[in-house]
Amino acid sequence: MNQNTFAEAQLGGLRDCLERILLSSTPSPDAENRLTLFNCYGLASALAERAITFRTHRLDGDVLERLVEGCRQELAPLAIGSDEATGRLAKRLVPHEISEDEMTLRWLLSTIERYLEGLEPEYVALPVHQLNRAMCQARLMQVWDVADAKYQRTLRLALNHLEQAIFAAMCAPRN
């Protein structure tokens, strides 16, 4: 396994960690206990510069590994908190304003996805890939506690339909 492949695998692991944090019921840190997400912001910026067009300009493996490791160190308190959280059934109240930390985490997650998609752009337009992207975004919406009782039920139904569509797209291509 070469250096770039290993670094990109670590980046994929960081993406999974970010999803777990964003899906957890643990609230974002308040103003007094704010995380410093400078490494996460730096990684998101570096990846965004590399993924401007449909094809990603590959970041050097050593640089990518260092940036991912810095992000993991910054996210360690949140990752531990999300692992200790009460599970996926607990919800967070919808804030009046999304915190800077949460915006940085969501930006980093979307930037990682764009970077990894750009490494193999020939697969991005396939229905399975597009449906997986929609499923990921819909899953991130599950964490919010919305007052409307139909919200969670309708969202679960939408996720179920997306799963069925993904399965159909994988099993029955026309060509």
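All values derive from a computational prediction rather than experimental measurement.

Asker: Help me understand helix α2 (residues 38–50) in this model?
Answerer: For an α-helix, 3.6 residues make a turn, and residues three or four places apart therefore share a direction. Counted at 1.5 Å a residue, the expected span for α2 with its 13 residues is 18 Å, and the 18 Å between its end C-alpha atoms agrees. Of all the residues in α2, the buried ones are Cys40, Leu43, Ala44, Ala46 and Leu47. Down the axis of α2, the buried side of the element spans an arc of 165°, and every buried residue falls inside it. Exposed residues on α2 whose side chains face more than 90 degrees from its buried face are Phe38 and Glu49.

Asker: I keep staring at the packing of helix α4 (residues 100–119) against helix α5 (residues 127–141) and nothing clicks. Help me out?
Answerer: Packed helix pairs are specified by the crossing angle of their axes together with the interaxial distance, meaning the distance between the axes. Contact geometry of α4 with α5 gives a least axis separation of 13 Å together with a crossing angle of 170°. Between α4 and α5, the angle falls in the class roughly antiparallel. For the pair formed by α4 and α5, the contact residues are Arg106, Leu109, Glu113 and Glu117 on the first element and His129, Arg133, Cys136, Gln137 and Leu140 on the second.

Asker: Sorry, what's going on with the packing of α2 against α4 here?
Answerer: Following both chains from N to C, one finds α2 and α4 inclined at 35°, their axes separated by 9 Å at the closest point. In this structure, the crossing between α2 and α4 has a hand that is left-handed. Between α2 and α4, the residues in contact are Cys40, Tyr41, Leu43, Ala44, Ser45, Leu47, Ala48 and Arg50 and Thr104, Trp107, Leu108, Thr111, Ile112 and Tyr115, respectively. The residue makeup of the contact of α2 with α4, split by class, is ten nonpolar, three polar and one charged.

Asker: Even after reading the chapter, I still don't get the packing of aromatic side chains, so can you show me in this structure?
Answerer: By convention here, two paired aromatic rings are described through the distance between centres and the angle between planes. Counting across every chain of the model gives one aromatic pair. Plain terms: the ring middles of Tyr41 and Trp107 are 5.3 Å apart, the flat faces sit at 55° to each other, and that makes the pair tilted. With Tyr41 in helix α2 and Trp107 in helix α4, this pair connects stretches of sequence that are 66 residues apart. What makes Trp107 partly exposed here is its relative accessible area of 31%.

Asker: What's the story with α5 in this structure? I'm lost.
Answerer: Taking 1.5 Å per residue as the helical rise, α5 with its 15 residues ought to reach 21 Å, and the 21 Å between its terminal C-alpha atoms agrees with that figure. Of all the positions in α5, only Met135, Cys136, Ala138 and Leu140 are classed as buried. Against α1 (3–23), α4, β2 (144–145) and α6 (150–171) lie the buried residues of α5.

Reading the values: rules and limits
Residues numbered from 1 in each chain as written. Predicted model: local features only at pLDDT ≥ 70, side-chain atom pairs only at ≥ 80, totals over all residues. Heavy atoms only, no water. Helix = DSSP H or I, 4+ residues; strand = E, 2+ residues; numbered from the N terminus. Expected span 1.5 Å × (residues − 1). Buried < 20%, exposed > 50% of the residue type's maximum accessible area, 1.4 Å probe, protein only. Arc of directions from axis to C-beta. Axes fitted to C-alpha atoms, helices over the stretch in contact; angles between N-to-C directions. Parallel < 35°, antiparallel > 145°, perpendicular 65-115°, else oblique. Contact = heavy atoms within 4.5 Å. Left-handed = near helix turned anticlockwise from the far one by under 90°. Nonpolar A, V, L, I, M, F, W, Y, C, P; charged D, E, K, R; others polar. Phe/Tyr/Trp six-rings, centres within 6.5 Å; stacked < 30°, edge-to-face > 60°.

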